[in-house]
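So the chains spell out like this:
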Amino acid sequence: FLYKYYDTLPYRSMGMPGSLPAVCEAAWPKDVGIIAMEVYFPSQYVEQAELEEFDGVGAGKYTVGLGQARMGFCSDREDIGSLCLTVVQRLMERSGLSYESVGRLEVGTETIIDKSKSTKTVLMQLFEESGNTDVEGVDTTNACYGGTAALFNALNWVESSSWDGRYALVVAGDIAVYATGSARPTGGAGAVAMLVGPNAPLVFERGLRGTHMQHAYDFYKPDMVSEYPVVDGKLSIQCYLSALDRCYSVYRNKIHAQWQREGLEKHCSLEDFGFMVFHSPYCKLVQKSLARLMLNDFLCHPSPDTQSGPFSGLEAFRDVKIEDTYFDRDVEKAFMKASSEAFESKTKASLLISNQNGNMYTPSVYGCLASVLAQHAPQQLAGQRIGVFSYGSGFAATLYSIKVTQDATPGSALDKLVSSLCDLQARLDSRKKVSPDVFAQNMKLREETHHLANYIPQGSVEELFPGTWYLTRVDEKHRRQYARRSMSDDRPLEAGLITSCIAAEHIPSPLKKMPRIPTTTAGPEVISNGDH
């Protein structure tokens, strides 16, 4: 029906460039958003408290100052290809979907191991048995924002005349590592895969995106032979907070205009969000960010009540200029205190993975979204608006909102999504703790072997979670080969996951008639990134 509608739409009736008549909305698929999610993080971590002692810094510098408890990391057995292979295959297995049902696959990452070949093409090896090669999308890169750009592209595809009725699959994955020094404890690693389509339990609110993009060298990776970034820490914080201010302002203007069209005269504030999640370089910055949104609400309010309620006692800050407050300790302290209850109810739950695994770069904000879903019952989530702030250095940022479906009944799409994520805490607890010395040795090994040709990784395969893809070798032409660790293992947690993932398909096809593509004979378990 989409093809027929758009083919007959007269261009002269469309008004301004880029605009569509109101009648066009009837042709859009309904409730486009996230249907399923899968999260992957490494099987080993280092305690931040032990890392403080190892690094010779004051107690609490990482755990209190940054708000971090543990940091996940990868040995040389894992790279961006293996992370994404793992998270995609887990999502497809646990949801019971066929690879034929995916028509778009896009990867958001800043972990670049090839200046030409995309990580998406590596993932196409998973599609070989199905015979499905008709899959649009490649990689999208801008620091931690790439996953959000890929997600927006997927949503736009489903809502466009290009959509063929199949799902879009978005993958955000990265390995965040830093040179020895103050930035190293803000590392992490992981990947998130998201299935996008209509009739979703997490619906993206149309037209409600506030974006801000600007040129800055706050964090960048100019050295093509190193995994390490160049970071201006103070500038990065200023860019993040200024982007948050601008995005929130644009978002509020857009939702206010939307409400006016609906006959509502009200102004948007934190009270209009059931939950608020942020890109999380470290947890303390997220807490400060929520306080900053309250500061914005306070300064924009025509007559705030400073005698009672959340703005009580804040009258001294009524005339501050927002651009002068990025490093104002008095403002920060006052609004963190004023927003403490809002933080506890709207944001704290989102920091589960961030606190326990660290900064995953592009998947960070979606790990925060998954953390909220994992720790609330469907009934607590139903009907809520979730605000999402995504930031990538350089810099690019968007604040947008998701509306959770009202249907929280057993067996509903929301119930299945929440159930698929309820094991996050158990999976985090099942990881292996290693000493800071072993962690440092792993970082040294990665540093010395990054981009080596004719190399066989030294890390233990047995330490990986069952079902994890890993790097087996890099040949003399830099071609990478991967294998998957067996799913059978003594660990009861993972065995339980396998039992659930082979259940009958529970996610409906976007359209009743799915494109069917002839299958081919399955290949060997060991795969490479191709000889093309």
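The structure under discussion appears in the preceding block.
One structure accompanies this document, and this report is about it. Because the structure is a prediction, the values reported are computed rather than measured. Here, residues in each chain are numbered from 1, in the same order as that chain's written sequence. Two thresholds apply to this predicted model, a pLDDT of at least 70 for residue-level local features and 80 or more for giving and counting side-chain atom pairs, whereas whole-chain, interface and lining totals are computed over all residues. For side-chain calculations, the full set of non-hydrogen atoms in the structure is used, while hydrogens and water are omitted.

Numbering of helices and strands runs from the N terminus, with a helix taken as a DSSP run of H or I at least four residues long and a strand as a DSSP run of E at least two residues long. Note on placement: Gly165 falls in the loop between helix 5 (146–158) and strand 6 (167–176). Distance from Gly165 to Ser101, taken between C-alpha atoms, is 8.7 Å for residues 64 residues apart in sequence.

Our next topic: the nonpolar core. Across soluble globular proteins, nonpolar side chains show a tendency to be buried alongside one another. In this structure, Met37, Phe335 and Phe389 are the most contacted members of the largest nonpolar core, which totals 140 residues. Element by element, the count of residues in this core is highest for helix 6 (residues 233–261), at ten residues. By size, the runner-up hydrophobic cluster in this structure holds five residues, among which are Cys144, Ala176, Phe219 and Tyr361. Here, the term nonpolar core denotes a set of buried Ala, Val, Leu, Ile, Met, Phe, Trp, Tyr and Cys residues that are joined through side-chain atoms within 4.5 Å. When a residue's accessible area, from a 1.4 Å probe over protein chains only, is under 20% of the maximum for its type it is buried; when over 50% it is exposed; and in between it is partly exposed.

Right, let's talk about helix 6 for a bit. Multiplying 1.5 Å by the residue count of a helix minus one yields the expected span of that helix. Spanning 29 residues, helix 6 covers 42 Å between terminal C-alpha atoms, matching the ideal 42 Å at 1.5 Å per step. A positive phi of about 85° marks Gly263, the residue just after helix 6.

Below, the discussion takes up empty space enclosed by the protein. Left-over empty space is what a probe sized like a water molecule reveals as it rolls over the atoms. Here a cavity denotes grid points, spaced 1 Å and computed from the protein atoms alone, that fit a 1.4 Å probe unable to get out, and a pocket denotes an open set having protein on both sides within 12 Å along at least 5 of 7 lines; residues with an atom within 4 Å of a point are the lining. Grid points are joined across faces, edges and corners, and a volume is the space filled by probe spheres set on the points. This structure, assessed with the given rule, holds six cavities of 30 Å³ or more. Looking at the largest cavity, it is lined by 17 residues, and the ones nearest its centre are Asp76, Arg446, Thr449, His450 and Arg480. Those elements that provide at least two residues to the lining of the largest cavity are helix 15 (436–449) and strand 15 (469–474). Its residues assigned to classes, the lining of the largest cavity comprises seven nonpolar, four polar and six charged. Its volume calculated, the second largest cavity comes out at about 120 Å³. Along the walls of the second largest cavity sit Leu241, Lys288, Ala291, Arg292, Leu295, Thr325, Tyr326, Asp328, Val331, Glu332, Phe335 and Met336, which together make up its complete lining. Breaking the lining of the second largest cavity down by element, the ones donating at least two residues are helix 7 (283–300) and helix 8 (329–338). Side-chain classes follow a simple rule in which Ala, Val, Leu, Ile, Met, Phe, Trp, Tyr, Cys and Pro form the nonpolar group, Asp, Glu, Lys and Arg form the charged group, and the remainder, Gly included, forms the polar group.

With that settled, consider the sheet that holds strand 7 (residues 188–197). Whether two strands pair depends on DSSP finding at least two bridges between them. Within the open sheet, the nine strands sit side by side as 5-4-6-7-1-8-13-12-11. Their pairing is mixed. For this open sheet the edge positions go to strand 5 (139–140) and strand 11 (275–278), each flanked by a neighbour on one side alone. Direction of pairing for strand 8 (residues 202–213) relative to strand 13 (residues 396–404): antiparallel, over a ladder of eight bridges. Pairing of Gly210 across the sheet is with Leu399, part of strand 13. Across the sheet, helix 3 (residues 80–95) is in contact with strand 1 (33–40), strand 4 (102–108), strand 6 and strand 7; its angle to strand 6 comes to roughly 140°. Here, residues are in contact when the closest pair of their heavy atoms is within 4.5 Å. Fitted lines through C-alpha atoms give the axes, limited to the stretch in contact for helices. The angle between two N-to-C directions lies from 0 to 180 degrees.

The next point concerns the sheet that holds strand 3 (residues 70–72). Within the open sheet, the three strands sit side by side as 3-2-14. Their pairing is mixed. Whereas interior strands pair on both sides, the edge strands pair on one side only; in this sheet they are strand 3 and strand 14 (432–434). The mean inter-strand angle of the sheet, taken between neighbouring strand axes irrespective of direction, is 40°. By the bridge criterion, three bridges tie strand 2 (residues 44–47) to strand 14 in an arrangement that is parallel. In the strand pairing of strand 14, Gln44 is matched with Lys432. Where helix 2 (residues 48–55) meets the sheet, its contacts fall on strand 2, strand 3 and strand 14, and the angle it forms with strand 2 comes to roughly 60°.

Mapping Arg94 onto the fold places it in helix 3. Each polar contact in these results corresponds to two N or O atoms within 3.5 Å; when the atoms are within protein, one needs to be able to donate a hydrogen and the other to accept it, and residues that are neighboring in sequence are counted only if both atoms are side-chain atoms. Within the local environment of Arg94, its side chain forms a polar contact with the side chain of Asp423, the two groups lying 3.5 Å apart.

Turning our attention to the pattern of salt bridges. For side chains of opposite charge, pairing can occur when their charged atoms come near one another. Throughout this description, the term salt bridge denotes a Lys or Arg side-chain nitrogen within 4 Å of a carboxyl oxygen of Asp or Glu. Enumeration according to the criterion identifies 25 salt bridges in this entry. The partner of Lys266 in a salt bridge is Asp272, with the nearest N and O atoms 3.0 Å apart. Judged by relative accessible area, Lys266 falls into the partly exposed class, the value being 34%. Given the relative accessible area of 15%, Asp272 is considered buried. Of the charged contacts, one joins Lys444 and Glu448 as a salt bridge, the two residues approaching to 3.9 Å between their closest N and O atoms. Highlighted residues: Lys444 and Glu448, both in helix 15, separated by four residues, approximately one helical turn.

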